[in-house]
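# Report on the structure
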Amino acid sequence: MDERDWISRTPAPGERLAGPQARAELLAPAGALLISGDLDAALAAVAPGAPMLGLGGAVPGDGTFALRIGRDRALLCTPAPLDAEPGWREAGFAATPADDAWLVLRLHGAGALGVLGACTGADPRGGSPSAAIGCAGTVCLLAADGAGWRLWVPRAEAAAVWLRLGRLIDAAERPAP
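First, a word on what this report is: a plain description of the structure on this page. (Residues numbered from 1 in each chain as written. Predicted model: local features only at pLDDT ≥ 70, side-chain atom pairs only at ≥ 80, totals over all residues. Heavy atoms only, no water.)

### Overview of the sheet that holds strand E8 (residues 93–97)
To keep it simple, the criterion reads: Strand pairing follows a simple DSSP-based rule, namely that at least 2 bridges must link the two strands. Each helix corresponds to a stretch of at least 4 residues labelled H or I by DSSP, and each strand to a stretch of at least 2 residues labelled E; elements are numbered beginning at the N terminus.
Read from one edge of the open sheet, six strands run E4-E5-E6-E3-E8-E7, paired in mixed fashion. The outermost strands of the open sheet, each flanked by one partner alone, are strand E4 (52–53) and strand E7 (87–89). Where strand E5 (residues 65–70) meets strand E6 (residues 73–78), five bridges bridge the pair, whose relative direction is antiparallel. Bridge pairing in E6 links Arg 68 to Ala 74.

Shown next, in the form of structure tokens:
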């Protein structure tokens, strides 16, 4: 094993990776609520009018939206933490606060799409109703943000994804042999 693969800590909000063609930064925490069951009822009750995004969907200007994980599961994202009680609702959905379960990485710059494609092994620009995508061996959620991409990474896996993105950003800056 290469000692450069040892991961000592989770990156903190505000940390950045930078190269001339691509940059990544860890965004400050915001609101996150896992919802399951009747997703339409959940959005109507908790965030009326919030869109449900699939792979590569665009983050709306107001910052409130849901990222579809599966047929009956999604992550509701908001600009600020929600004060939601966990549990099952009579309207047919369950809600679980997840503010501390996910970290959001923002990848941008002229080379961002190439770095993201190298990390995921796929074209991240859409075609799936689910926002879930494999990135550095971890299932993450992906959305476009107008100037690049946002990647929701499970906190426990954030260090590994951060390390992989850093290597890809560095590799993208070197000329091919």
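Structure's up, so let's keep going.
### Examining the environment of Asp 123
Secondary-structure assignment places Asp 123 in the loop between helix H2 (112–120) and strand E10 (132–135). Taking the C-alpha atoms as reference, Asp 123 lies 16 Å from Thr 138; in sequence the two are 15 residues apart.

### Examining the sheet that holds E10
Rule in force here: Axes, fitted as lines to C-alpha atoms, cover a helix only where it is in contact. Angles between the N-to-C directions of the axes lie from 0 to 180 degrees. Residues are treated as being in contact if the distance between any of their heavy atoms lies within 4.5 Å.
The antiparallel open sheet is built from six strands, whose spatial order is E1-E2-E9-E12-E11-E10. Two strands lie at the open edges of the sheet, namely strand E1 (16–18) and E10, each paired on one side alone. Taken over all neighbouring pairs, the strand axes of this sheet differ in orientation by 30° on average, direction set aside. Examined bridge by bridge, E1 and strand E2 (residues 23–26) share three bridges and lie antiparallel to one another. Paired with Arg 16 across the bridge in E2 is Glu 25. Set on the sheet, H2 makes contact with strand E9 (102–108), E10, strand E11 (138–144) and strand E12 (148–154); between it and E10 the angle comes to about 85°.

### Focus on the nonpolar core
What tends to happen in soluble globular proteins is that the nonpolar side chains get buried as a cluster. Where we set the bar: Only buried residues count toward a nonpolar core. Its members are Ala, Val, Leu, Ile, Met, Phe, Trp, Tyr and Cys residues joined through side-chain atoms within 4.5 Å. A 1.4 Å probe rolled over the protein chains alone gives each residue an accessible area, and that area as a share of the maximum for its type sets the label: buried under 20%, exposed over 50%, partly exposed in between.
Counting residues in each nonpolar core, the largest one holds 26 residues, and the members touching the most others are Leu 105, Leu 107, Leu 151, Val 161 and Leu 165. When residues of this core are traced back to their parent elements, those giving at least two are E2, E9, H2, E10, E11, E12 and helix H3 (158–173). Broken down by element, the residue count for this core peaks at six residues, all from H3. Ignoring sequence-local partners within four residues, the contact set of Leu 107 consists of Arg 23, Ala 24, Ala 112, Val 115, Leu 116, Gly 148, Trp 149, Leu 165 and Ile 169.

By themselves these figures say nothing about function.
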